Amino acid sequence: MSESSTGGSYGKAGFTRRRFIIGTAGVGAVAALGGTVVRAPRAVASGAPSGPPTTTLPLPTTTGPEQLLLTWGGDPAREVTVSWSAPGTVPQPAPTLAVSTGPITAGNPGRLIKLPDPKPLDVTQRYEEAASVSFTDGLNGQTTYFYHVQLAELEPGTRYYYQVSDGAPAPSTAASSFETAPAGRAKFRFSSYGDLATPSWDLNTSGNIWHESCDNSWYAVTAIENPGDGKGAPLFHLLNGDLCYANLDVDNAPGVWRDFGNNVARSSAHRPWMPALGNHECEFGVDTMSGHPGGAAGGVAAQGAAGNYWNGPYGFGHYLSRFLLPDNGVTNWDGNRLRGNFYAFGVGTVKFISLDADDIIYQDGAANYVIDTANTAPETTTTGAKIPNGTTTYTRFYTGGLTHDAKDDSLVPDYASGRPNLQTIWLEGTLAHARRDRSVDMIVVFMHQVPMSTSSAGNGSDLAIRQAWLPLFDKYEVDLVLHGHEHDYERSYPVRGYDAGEFGTVVAPNPGQTKGAAVDTRRPSVVTTEPYEHDGIPAWNTAEGTVYLVLGGGGTNGPTNEYGTDTADDKPQAKVITTRNAVVGTEAAGFSKNGADSVEDAPWSAAINATDAYGYSIFDVDPGQGPGETTITFQYFAIPAVTNEAGSAHDGTTTLPTRPTEKFVFGRQVGRP
């Protein structure tokens, strides 16, 4: 990894002073205003609920399959996993999946696969071709059921049809189709956003409003099936964490997941949806961090005092039950297999890597019960579980530790401890292998939390990602890194290395910090602010530097598209989290938790959208004529908030644009003679 000099400029000549503001305030005004007004179908309803339920609501006892979900296997040209769920707390009597290269009919029943009886989620075991999984929520006691069939030895670039059945005496079925990925050098399209949440009441299967519900979540799924450029739906979708925010509805997490699953099934039944873990996938429960039943004396009622706050392994029980993702082959120090926590797959000439940044970040932002009121009683749930005030599920280093390397201010696996960080070790091995593979031209990483954000209303940039993973992204020349977490849009200039000697300032000190003190934020170093041109489109050479995209505008009810500016010089300014923002206080006085502790100048910030928080991205991959010639054309479509987004129901219409607010080409040879 190289360090850049820290002279008076931001880098080489030609750097612009201000970032580009897209949306109605900038060049993209026409695109933001153009488009089709879309009204979601509305069921007949007497009125919207007043807000999220405060008691546990029953789930259905029917068994008809729903929440259809496709994911890739390790080789998307030949491996696809078909998943579905029962509606509620009753398992399907005899679930089956039929698959064929032609539509499933009485005359073409296809290959029939029978699934076994459900077994409780057990991440210490390998999955068979067909698996039925149950998971019992620790806070409301509801058991829900999930079904997975791993299809292998498929033909590349081929459409397959499938039908799932509950196997009841009068069977209920659901059917769809999918296309396998192409083999070798081929064109394809994918899409991406994070922070989706759920729609509201009459667009939810349940008819409820949950925490973070907003109808932009419905429109975001609609947009993936019908992108604004009219060139068709993507081959697959990347979902960059914070899927449905079920951990905010502690009495009804299974119900929130159900509404999420049915909303996304409008797309995920037809094409793989590949997620990354976000902080809101970590949920409170009554297990140990590894997912074993808590052993506190006195049973569940004493669970809080014992620290058994986790809903399945690392709090990810619902996520790991619902998604069966490519196997990374890594077994954690506690004996759990880490399949799906992080993973990789390749399509055409692009390697995709999904990471769980919860494992390394400083910020403490998963499940929290932190109230600043004195003598606040524990939060007590349906099962009698008690979550004391001041409780938070902090998953940092759950795959092992990192240690500081002073020579380049990085974080590296802590081998001396005997338990080095397994995800970071796996990441470097995966990146190294990809760069040695002559069939891989470009590397795309997607994860939830961000190393670079100037959102003043959001979470901020996490120094630990800059320390642990950006050196690896630099070393192996990762091309694109996609994020959620901030509920907005932001694009960086290409960056490589960091500006040694450039410091931020502590403004909201955590314990051990002094307000006004200088702090090393390991600020990423900008390579250039002037794009090349490729086929008449502005282009960035990602061999020179990695481009980071914040794509957190899926649909959540909490937009954060307010951006920091240094009032002294009108330049971009970012919040940075440089230490753990731990919970402080006492039960008698109440508890609190800081956000970001520091600020820095942010010359790396290239574009923001202060007008629209919501939106989606389309990426078109063109492999070119030979090795190294792959380009990715990126389009960002900003979606205006629904008309009543601030109201209690969050319902209304919006405009799905037909022109992108930003369009760029990324490639490793653009701009070269």
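Structure's up top.
So, here's what we can say about the structure. Small disclaimer: the values here were computed from a predicted structure and weren't measured.

Counting secondary structure elements, the protein chain contains 8 helices and 45 strands. A globule of 673 residues ought to have a C-alpha radius of gyration of about 26 Å, and the protein chain, at 24 Å, matches this closely. Dimensions of the protein chain, computed from C-alpha atoms along their principal axes, come out at roughly 75 × 65 × 55 Å. Scored against the burial criterion, the 673 residues of the protein chain give a buried share of 61%.

Now for the layout of surface pockets. If you add up the space inside the second largest pocket, you get close to 450 Å³. Lining the second largest pocket are 21 residues, and of these His-534, Asp-535, Asp-622, Thr-631 and Thr-633 lie nearest its centre. Residues that form the lining of the second largest pocket fall into these classes: 5 nonpolar, 7 polar and 9 charged.

This brings us to the side chain of Asn-341. Following the sequence through the fold, Asn-341 ends up in the loop between α5 (317–322) and β17 (343–347). Asn-341 gets classed as buried once you look at its relative accessible area, which sits at 1%. One polar contact links Asn-341 to Tyr-398, side chain to side chain, over a distance of 3.2 Å.

Another aspect to go through is the environment of Gly-558. Note that Gly-558 resides in the loop between β35 (547–551) and β36 (565–566). The exposure class of Gly-558 is partly exposed, given its relative accessible area of 22%. Taking the C-alpha atoms as reference points, Gly-558 and Glu-212, 346 residues apart in sequence, are found 6.8 Å from one another. Leaving out residues up to four positions away in the same chain, Gly-558 has contacts with Glu-212 and His-487.

This part takes up unusual backbone geometry. With the exception of glycine, the majority of residues adopt a negative phi angle, and the majority of peptide bonds are in the trans configuration. The backbone phi angle of Asp-195 is positive, close to 60 degrees, even though this residue is not glycine. Relative to the assigned elements, Asp-195 resides in the loop between β13 (188–193) and α2 (216–225). Taking relative accessible area as the criterion, Asp-195 reaches 0% and is therefore assigned buried.

Before going further, it helps to examine the packing of aromatic side chains. Taken as a whole and assessed by the stated rule, the structure comprises 29 aromatic pairs. Aromatic ring contacts, followed pair by pair, group Trp-72, Phe-188, Phe-190, Phe-236, Tyr-343, Phe-345, Phe-352, Phe-446, Phe-619, Phe-634 and Phe-666 into a single cluster. The ring of Tyr-394 carries the charged tip of Arg-580 above its face, separated from the ring centre by 3.7 Å.

For the rest of this paragraph, the subject is the pairing of strand β29 (residues 495–499). For β29, the buried fraction is high: 5 of the 5 residues fall into the buried class. Where β29 meets strand β32 (residues 524–526), 2 bridges bridge the pair, whose relative direction is antiparallel. Its bridge partner lying in β32, Val-495 is registered against Val-526.

Moving on, we get to the nonpolar core. Counting residues in hydrophobic clusters, the biggest one holds 149 residues, and the most contacted among them are Leu-97, Phe-236, Phe-345, Phe-352, Trp-469, Phe-473 and Leu-482. Look past the residues within four positions of Phe-345 in its chain and what remains in contact with it is Trp-72, Gly-73, Gly-74, Pro-76, Phe-236, Leu-238, Met-274, Val-350, Lys-351, Phe-352 and Phe-446. The next biggest cluster of nonpolar side chains, apart from the first, holds 9 residues, and it includes Leu-139, Phe-284, Val-286 and Ala-367.

Checked against the element boundaries, Glu-283 lands in the loop between β15 (273–275) and β16 (284–287). Buried charge without a partner: Glu-283 forms no salt bridge, and the closest opposite charge is Arg-322, 8.4 Å away. There is a polar contact of 3.0 Å between the side chain of Glu-283 and the side chain of Asn-311. If near-sequence neighbours (up to four positions away) are discounted, Glu-283 is found in contact with Asp-137, Ala-246, Asn-247, Ala-253, Trp-257, Tyr-309, Trp-310, Asn-311, Gly-315, His-318 and Ala-367.

Strand order in the open sheet made by the 5 strands is β4-β5-β10-β9-β8, with mixed pairing throughout. Each edge of the sheet is formed by a strand with only one pairing partner; in this case those strands are β4 (66–72) and β8 (119–120). Pairing between strand β9 (residues 130–136) and strand β10 (residues 143–151): 7 bridges, direction antiparallel. Within β10, the residue paired with Ala-130 across the bridge is Val-149. Sitting on the sheet, helix α3 (residues 253–268) is in contact with β4 and β10, with an inclination near 65 degrees to β4.

Cut-off values and rules
Residues numbered from 1 in each chain as written. Predicted model: local features only at pLDDT ≥ 70, side-chain atom pairs only at ≥ 80, totals over all residues. Heavy atoms only, no water. Helix = DSSP H or I, 4+ residues; strand = E, 2+ residues; numbered from the N terminus. Rg over C-alpha atoms; globule rule 2.2 N^0.38 Å. Buried < 20%, exposed > 50% of the residue type's maximum accessible area, 1.4 Å probe, protein only. 1 Å grid on protein atoms, 1.4 Å probe; cavity = no way out; pocket = protein on both sides within 12 Å on 5 of 7 lines; lining within 4 Å. Points joined across faces, edges and corners; volume = space filled by probe spheres on them. Nonpolar A, V, L, I, M, F, W, Y, C, P; charged D, E, K, R; others polar. Polar contact = N/O pair within 3.5 Å; in protein donor to acceptor, adjacent residues only side chain to side chain. Contact = heavy atoms within 4.5 Å. Phe/Tyr/Trp six-rings, centres within 6.5 Å; stacked < 30°, edge-to-face > 60°. Lys NZ or Arg CZ within 6 Å of the ring centre and 35° of its normal. Pairing = 2+ DSSP bridges. Core = buried A, V, L, I, M, F, W, Y, C linked by side-chain atoms within 4.5 Å. Lys, Arg positive; Asp, Glu negative; His and termini not counted. Salt bridge = Lys/Arg side-chain N within 4 Å of Asp/Glu carboxyl O. Axes fitted to C-alpha atoms, helices over the stretch in contact; angles between N-to-C directions.

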